[in-house]
Amino acid sequence: MLNVKGLTKRFGGLAAVNNVDADFEKGKITAIIGPNGAGKTTFFNLVAGTHKPTSGKILFQGKEINAMRADLVARLGIARTFQTTHLFENASVFDNIIVGHRLRTHSGFWDVMVNSRRLRNEEQICRKRAMEVLDFVGLADLAPRITADISQEARKRVAFALAMATDPEMVLLDEPAGGVNPDETVGLSELIKKMVVHGYTVGLIEHKMDMIMGIADKIIVLDHGEKIAEGSPAEVRSNPLVIEAYLGSEHAAA
Amino acid sequence: MKYLVQKGGWLILLLLCVAFPLVSSNDYQLYVMSLAFIWAIAASGLNLVTGFTGQLNLAHGGFMAIGAYTLGVLTVDYGVPFWIAFLLSGAVSAFIGYFVGIVSLRLKEHYFAIFTLCVGFILYLLIEKWEALTHGTSGVIGVPAPPPIGPVSFESAISQYYLVLFLLVVSLFLMHRIVTSLLGRTFIAIRNSEELAEALGINLMRNKVLSFVLSTFFAGIAGGMFAGFVRFIGPDIAHVMHTFDMITFMLVGGIGTLLGPIVGTLLVTWLTQSLQFLQDFRMIVFGPLLVLLVIFFPHGLVGSYKIWQVKRAAKRAAEAQQAGTPIQSKSRIETNASGEGVGEEARSNA
Amino acid sequence: MSSIDLFFQQILNGLTLGSVYGLVALGLTLVYGILHVPNFSHGALYMVGAFVAFFLIVDLGINYWVAMIGAAAVVAILGVLSERLVFTPLRHAPPIHDKIAAIGVLLFLEAVIMAIWGAEFRRMPAPYTEMLSIGNVAAPAQRWLIIAGALLLMAALHLFLKKTIAGSTISALAQNREGASLVGIDASRVAMLTFAISGALAAVAAVLFAPINLVYPAMGHLVIMKAFVIIILGGMGSVPGAILGGMIIGFAESFGAFYISTDYKDIIAFVLLVVILSFRPNGLFTQGER
């Protein structure tokens with residue numbers, strides 16, 4: 001599904017991501033782990049088009065997408081979430097999701113001026129899609145609530161819903177369980193598995209080892225921008241390089 | 001009935017405005033009110049790009065001046081019929097707005113604000129110095145009043161008042177269409193987070209430029225009407241102070257709400273009128289007022305009311321759910337789901 | 001005057017303008033470095049500085065240098081007040097709000113000055129009126145004073161930032177807020193100090209420049225906008241960038257006014273900005289993205 005070859009990104013002289021190869025298989029959960037500052041988020045930013053790679057290749061379904069603008073990458077079918085999601089706090093949750101499907105609509109300014117049939121249709125479609133994804137992530141009941149009032153966990157689910165509203169093939173989740181308690185983390189793991197069952201391919205950055213070990217099909221370990229290990233959870237767990245990288249930092253496996 | 005309740009605020013305001021000439025005692029009050037309507041149109045344009053799209057455009061007054069000068073120069077120096085010149089005032093402003101937009105909107109936040117501040121100043125200097133075109137500091141004198149359209153003439157103060165009110169209502173109607181549509185939701189998404197909006201597949205540049213151009217169009221027609229109404233224009237109307245005035249209007253009424261700029265403009269205008277003795281020093285009051293508003297009352301009048309309304313609806317929906325009638329709650333969502341926004345959000349910078 | 005002399009005159013003009021702009025831009029860039037607020041009220045502080053000094057010199061008959069110190073002190077206090085009362089409460093507000101608040105402060109200060117002194121133009125007497133030649137270039141002493149004073153202040157500021165503890169905390173905070181608070185820097189004291197320095201620099205710039213210019217309530221408008229152009233050119237938050245940018249704008253203006261047109265000299269800075277930002281959206285001397 002997503003193939004990355006020799007991906008490198010330098011900021012000034014520093015390589016945040018250095019010559020990383022990675023393959024994300026269709027219908028699987030591929031996790032990226034590593035100590036703080038290992039270049040995980042930068043890696044996502046490169047794939048999603050937020051940053052331009054210094055060198056290397058990114059292929060999505062065989063199509064080269066390096067240096068493609070982020071909105072075009074989203075259109076191609078890669079959705080992503082952020083560590084913090086800036087939502088419209090004083091609007092309902094439902095209102096916040098509607099725009100997620102905007103990229104699949106075609107109404108422009110003149111449709112708005114004459115309130116065209118196409119526009120009305122597409123608004124209906126966006127609303128319908130918003131309700132579907134809220135239902136999928138288990139927030140149907142929260143739909144009419146003010147976004148400012150919902151819990152941290154619900155926010156994470158809203159972020160999932162927004163990503164799914166774009167009708168992606170693949171979803172990149174950046175610390176989906178950050179700042180969420182262990183019980184809720186289990187719930188979010190279930191949700192991620194459910195996404196895979198429904199045919200989504202998942203890329204995942206996370207610090208919570210229990211969660212990763214439980215759901216990932218494959219783990220890629222980054223340290224100082226370089227890939228130091230790759231494999232199944234069991235393989236990665238026993239890899240001495242990984243253990244060293246983690247012992248050397250404050251983020252020992254929790 | 002329900003519809004009436006929902007649109008109540010609008011209807012009351014409209015009725016008040018329509019009835020105003022019947023109760024007002026003199027032409028002067030009509031004049032002040034008409035002028036306020038013109039400013040409200042411009043402020044509402046600023047609100048589109050700043051309140052809804054999140055780009056603080058400090059050149060807005062300059063675009064209003066472009067509209068005013070387009071009408072003034074075309075009618076006085078080139079004998080172009082008033083109404084054609086009026087349409088052109090919006091078009092020229094939007095045309096120049098497009099080119100300013102594609103350069104300035106590549107810049108983020110502070111850079112954009114500072115850049116547009118400079119653009120506003122360039123416009124001001126150009127108007128002042130380019131005498132061959134703009135008559136320089138002496139200004140354009142004798143701008144014609146709006147000529148009759150068919151049987152309707154605009155000679156009396158009352159008829160001019162209704163003309164401007166009509167223009168305001170049409171502008172608001174269009175603005176309403178924009179901000180409650182998918183397009184408006186797109187703008188609001190950009191305001192909330194450009195990063196997130198882009199990840200949702202929204203073309204930032206195209207949408208920001210569209211919002212900017214639309215806002216300059218509103219500024220342009222407001223400027224054109226201003227010229228035809230006041231009948232004299234000087235470089236002063238391009239002064240950045242007018243942009244600051246409009247920001248005040250917008251904040252008092254509620255930034256990022258449809259009605260906010262209108263309510264704010266009317267309120268501040270009448271406050272200024274009743275504090276007439278302050279005229280030159282009104283900023284001694286409005287400067288600190290602006291600061292206090294931003295700190296303690298950032299959503300303004302309409303914005304605060306909207307938040308209260310949305311919260312109440314959410315509470316009711318939650319109660320309805322607990323009572324076991326989720327169907328009801330869904331219809332509730334539909335009514336709340338107008339894309340109309342409520343101010344900027346306080347982001348916690350985690 | 002021969003054309004070579006004229007050329008040197010323009011260099012001197014450029015240096016004078018560049019010195020004043022540089023001082024104003026320095027204050028602006030320091031504040032931006034610490035708080036990430038483009039302080040739109042900075043030009044008003046500059047203007048207030050000129051009026052305070054004018055009052056002290058003309059109305060109270062106080063010596064020019066003492067008046068300069070007085071003006072610097074008053075404006076420094078104003079700067080600190082605005083930091084405490086306006087910018088601190090807005091630290092976590094959305095990005096538009098602090099800018100609007102800064103505009104509120106600007107409007108207020110201008111209105112107060114207008115209320116006290118009116119809108120008319122005033123002239124501040126120059127402390128030294130003789131002509132002074134250095135080499136072949138003759139100029140009023142005040143011009144030399146501006147250049148020397150500005151260079152001295154810039155050097156002093158540089159030493160302060162590099163050699164003193166208070167100064168290096170400002171640099172540290174400007175570079176990395178979170179890091180600085182981790183090592184125990186009191187961010188709010190540093191912010192106050194920065195605003196005080198920034199205000200004092202603006203006041204001194206105004207008092208130096210006023211004798212060869214005019215004093216009026218709107219005198220800050222152009223200067224602050226040019227200072228913004230300068231710090232965008234030089235990189236927002238960069239001290240050497242502000243000085244260098246000040247000189248670039250100063251020279252562009254003095255030569256532009258002489259060889260192109262006096263009418264449009266005030267536009268030169270803005271056109272330069274527009275051109276540069278059109279090609280380099282993040283400024284001239286910044287590297288990398290975001």
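Residues numbered from 1 in each chain as written. Chains lettered and ligands numbered in written order. Predicted model: local features only at pLDDT ≥ 70, side-chain atom pairs only at ≥ 80, totals over all residues. Heavy atoms only, no water.

Q: A description of the overall build of chain B should follow, citing residues and the corresponding values.
A: Scanning chain B for helices and strands turns up 16 helices and two strands. Sorting the 350 residues of chain B into buried and exposed places 61% on the buried side. Across chain B, the fraction of contacts at a sequence separation of at least 24, relative to all contacts at a separation of at least 6, is 79%. Accessible surface computed for chain B: about 13,600 Å², of which carbon and sulfur atoms make up 68%. (Helix = DSSP H or I, 4+ residues; strand = E, 2+ residues; numbered from the N terminus. Buried < 20%, exposed > 50% of the residue type's maximum accessible area, 1.4 Å probe, protein only. Contact = heavy atoms within 4.5 Å. Areas by Shrake-Rupley, 256 points an atom, 1.4 Å probe, with all protein chains shown as cover.)

Q: Lay out the domain arrangement of chain B in plain terms, naming residues and giving numbers.
A: Here the domain parsing of chain B yields domain 1 (16–298) and domain 2 (311–349). Spacing between the C-alpha centres of domain 1 of chain B and domain 2 of chain B amounts to 33 Å. (Domains from an automatic or database assignment.)

Q: Help me get a handle on the pairing of strand E2 (residues 14–24) of chain A, residues and values and all.
A: All names here are of chain A. The pairing of strand E1 (residues 2–11) with E2 spans seven bridges and is classified as antiparallel. Following the sheet pairing, Arg10 is matched in E2 by Ala15. With antiparallel pairing between neighbouring strands as the criterion, E1 and E2 make up a hairpin whose turn holds two residues, including Gly12 at a positive phi of roughly 65°. (Pairing = 2+ DSSP bridges.)

Q: Please set out the interface of chain B and chain C residue by residue, giving values where relevant.
A: Each partner contributes to the interface: chain B provides 42 residues, whereas chain C provides 48 residues. Both faces considered, chain B and chain C share a buried interface measuring about 4,300 Å² in area, 80% of it formed by carbon and sulfur atoms. Broken down residue by residue, the surface that chain B buries against chain C is led by B:His110, B:Tyr111 and B:Ile114, which jointly contribute 16%. Remark: the boundary between chain B and chain C carries zero salt bridges. Summed over the shared surface of chain B and chain C, the number is one residue pair in polar contact (both at pLDDT 80 or more). Contributions of two or more residues to the side of chain B that touches chain C are made by helix H6 (109–129), helix H12 (240–253) and helix H14 (282–296) of chain B. No other element matches H6(B), which puts 13 residues into the side of chain B that touches chain C. For the side of chain B that touches chain C, the per-class residue count stands at 29 nonpolar, six polar and seven charged. (Buried area = accessible area lost by both parts, 1.4 Å probe. Salt bridge = Lys/Arg side-chain N within 4 Å of Asp/Glu carboxyl O. Polar contact = N/O pair within 3.5 Å; in protein donor to acceptor, adjacent residues only side chain to side chain. Nonpolar A, V, L, I, M, F, W, Y, C, P; charged D, E, K, R; others polar.)

Q: With reference to specific residues and values, describe helix H5 (residues 82–104) of chain B.
A: Residues and elements named next belong to chain B. The end-to-end C-alpha distance of H5 is 32 Å, a good match for the 33 Å that 23 residues give at a rise of 1.5 Å each. Among the residues making up H5, those that are buried are Phe82, Ala85, Phe86, Ser89, Gly90, Ser93, Ala94, Gly97, Val100, Gly101 and Ser104. In this structure, the buried side of H5 is in contact with helix H4 (60–78), H6, helix H8 (157–180) and helix H11 (204–230). (Expected span 1.5 Å × (residues − 1).)

Q: I'd like to hear about the sheet that holds E1(A), residue by residue, with values.
A: Residues and elements named next belong to chain A. Here four strands make up an open sheet; going across it, the order is E2-E1-E4-E5 and the pairing antiparallel. Two strands close off the open sheet at either side, each with one partner strand: E2 and strand E5 (63–64). In the packing of helix H1 (residues 40–48) onto the sheet, contacts are made with E1, E2 and strand E4 (55–60), and the angle to E1 comes to roughly 115°. (Axes fitted to C-alpha atoms, helices over the stretch in contact; angles between N-to-C directions.)

Q: Report on the sheet that holds strand E7 (residues 170–174) of chain A, specifying residues and quantitative values.
A: Residues and elements named next belong to chain A. Reading across the sheet, the six strands line up as E6-E7-E8-E3-E9-E10 and stay open at both edges, with mixed pairing between neighbours. Strand pairing shows two members of the sheet lacking a second neighbour, strand E6 (78–80) and strand E10 (226–231), which therefore form its edges. Strand-to-strand twist in this sheet, taken as the mean axis angle between neighbours without regard to direction, amounts to 20°. As paired elements, E7 and strand E8 (residues 201–205) share five bridges and run parallel to each other. Bridge pairing in E8 places Met170 opposite Thr201.

Q: Account for unusual backbone geometry, naming residues and giving values.
A: Backbone geometry at A:His224 places phi at a positive 45°, although glycine is not the residue there. Summarising the element assignment, A:His224 is placed in the loop between strand E9 (218–223) and E10. On the accessibility criterion, A:His224 (64% relative accessible area) is exposed. One non-glycine residue, B:Arg231, lies in positive phi territory at about 75°. Relative to the helices and strands, B:Arg231 is located in the loop between H11 and strand E2 (232–233).

Q: Describe the pattern of salt bridges, naming the residues involved and giving the relevant values.
A: All names here are of chain A. This model, assessed by the stated rule, comprises 19 salt bridges over all chains. Residue Glu132 is joined to Lys128 by a salt bridge in which the shortest nitrogen-to-oxygen separation is 3.5 Å. Pair noted here: Glu132 and Lys128 are both in helix H5 (residues 117–136), with a separation of four residues, about one helical turn. Classification of Glu132 as partly exposed rests on a relative accessible area of 36%.

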